[in-house]
Amino acid sequence: FTAVGEQKTITLPDNSVVQLNTNSRLKFDYRGAVRAIYLYEGEAHFSVAKNPDRPFEVFVGAGRVRAVGTAFSVMLNKRSDSINVLVNEGVVEVVPEVGAPGSEALPEQPVADDSGGLVPAESPPPRSQRVVAGNAVVFDREAVQAVEVVKDEEMQRRLAWQEGLLVFSGEPLEDVVTQI
């Protein structure tokens, strides 16, 4: 975890790299067939080591983000209970999960279905959407709310926290104060 104003870079056992933004909390579990990351609070950027035999999945709020050899950022917005994903390399798959546990409780482990895919334990089949590099997506437990193309300058602005910078442009003052 990171305290307010603190950032941290962590190299995971598979050589994937996680950069935690300020006031963030996560846990990882590599014991099963899936490299599972649980983001409970804040924002993290993932540079994922490729391993086609072990999917890399981030469980966040009421959803899941599956990496498909990529680099991406995930932020949990506690006020709106939405999840923001920014893909700067490769492809991710986002999965809203109706009935998923809240972000305070540890999500259930995914289980294999008949086709060998992964689905959350005791939930209906997920409605997933693939998101490619240069795009951002916002989703909640019900569905994907918005997908947008992100220009290079905007991508740099949104990822400026990785360099220890906060860059704002048109955000409501309440959002700026929350970030600071």
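The text that follows walks through the structure, step by step, so that each part is easy to find. (Residues numbered from 1 in each chain as written. Predicted model: local features only at pLDDT ≥ 70, side-chain atom pairs only at ≥ 80, totals over all residues. Heavy atoms only, no water.)

## A short note on unusual backbone geometry
Turning to step 1, where the next piece is worked out: Of note, Asn15 is a non-glycine position whose phi angle comes to about 75°, a positive value.
Turning to step 2, where the next piece is worked out: Checked against the element boundaries, Asn15 lands in the loop between strand S1 (8-11) and strand S2 (17-20).
Turning to step 3, where the next piece is worked out: Given the relative accessible area of 57%, Asn15 is considered exposed.
Turning to step 4, where the next piece is worked out: Located in the positive-phi region is Asn23, a residue other than glycine, with phi close to 55°.
Turning to step 5, where the next piece is worked out: Examined against the element boundaries, Asn23 turns out to sit in the loop between S2 and strand S3 (25-29).
Turning to step 6, where the next piece is worked out: On the basis of relative accessibility, which here comes to 35%, the residue Asn23 falls in the partly exposed class. (Helix = DSSP H or I, 4+ residues; strand = E, 2+ residues; numbered from the N terminus. Buried < 20%, exposed > 50% of the residue type's maximum accessible area, 1.4 Å probe, protein only.)

## So, the pairing of strand S8 (residues 82-96)
Turning to step 1, where the next piece is worked out: In terms of strand pairing, S8 meets strand S12 (residues 135-139) through 5 bridges, oriented antiparallel. By the bridge assignment, Asn84 is partnered in S12 with Val138.
Turning to step 2, where the next piece is worked out: Alignment of S8 against strand S11 (residues 129-132), held across 4 bridges, turns out to be antiparallel. Note that in S11 the partner of Val92 across the bridge is Val131. (Pairing = 2+ DSSP bridges.)

## Notes on the nonpolar core
Turning to step 1, where the next piece is worked out: Core analysis: the biggest nonpolar cluster contains 26 residues, and Phe46, Phe56, Val58, Val65, Phe72, Val74 and Val85 have the highest contact counts within it.
Turning to step 2, where the next piece is worked out: Taken together, the elements giving at least two residues each to this core come down to S2, strand S4 (35-41), strand S5 (43-47), strand S6 (56-60), strand S7 (63-77), S8 and S12.
Turning to step 3, where the next piece is worked out: Contact partners of Phe46, with chain neighbours within four places excluded, come to Val17, Val18, Leu26, Ile37, Phe56, Val58, Thr70, Ala71, Phe72 and Val74.
Turning to step 4, where the next piece is worked out: Val150, Met155, Leu159 and Trp161 belong to the second largest nonpolar core, which has 6 residues in total. (Core = buried A, V, L, I, M, F, W, Y, C linked by side-chain atoms within 4.5 Å. Contact = heavy atoms within 4.5 Å.)

## A short note on the side chain of Asn21
Turning to step 1, where the next piece is worked out: Secondary-structure assignment places Asn21 in the loop between S2 and S3.
Turning to step 2, where the next piece is worked out: Looking at Asn21, the relative accessible area reads 4%, which means it is buried.
Turning to step 3, where the next piece is worked out: Polar side-chain contacts of Asn21 include one of 3.1 Å to the side chain of Gln7. (Polar contact = N/O pair within 3.5 Å; in protein donor to acceptor, adjacent residues only side chain to side chain.)

## A short note on the environment of Val65
Turning to step 1, where the next piece is worked out: When you line up the elements, Val65 lands in strand S7.
Turning to step 2, where the next piece is worked out: As a C-alpha pair, Val65 and Ser128 span 63 residues in sequence and 9.2 Å in three-dimensional space.
Turning to step 3, where the next piece is worked out: Among residues more than four places away in sequence, those in contact with Val65 are Phe56, Glu57, Val58, Phe72, Val74, Val85, Val92, Glu93, Val94 and Phe139.

## Here's the deal with the packing of aromatic side chains
Turning to step 1, where the next piece is worked out: One pass over the full model with this rule turns up 5 aromatic pairs.
Turning to step 2, where the next piece is worked out: Where Tyr38 meets Tyr40, the ring centres are 6.5 Å apart and the plane angle is 25°; that geometry is what we call stacked.
Turning to step 3, where the next piece is worked out: The class of Tyr38 is buried, set by a relative accessible area of 1%.
Turning to step 4, where the next piece is worked out: With 5.8 Å between their ring centres and 65° between their planes, Phe46 and Phe56 make a pair best called edge-to-face. Highlighted residues: Phe46 in strand S5 and Phe56 in strand S6, separated in sequence by 10 residues.
Turning to step 5, where the next piece is worked out: Classification of Phe56 as buried rests on a relative accessible area of 1%.
Turning to step 6, where the next piece is worked out: Of the aromatic side chains, those joined through ring pairs into one cluster are Tyr38, Tyr40 and Phe59. (Phe/Tyr/Trp six-rings, centres within 6.5 Å; stacked < 30°, edge-to-face > 60°.)

## What about the side chain of Asn135?
Turning to step 1, where the next piece is worked out: Structurally, the position occupied by Asn135 is in strand S12.
Turning to step 2, where the next piece is worked out: Beyond its immediate stretch of four places on either side in the chain, Asn135 contacts Val85, Leu86, Val87, Val147, Glu148, Val149 and Val150.

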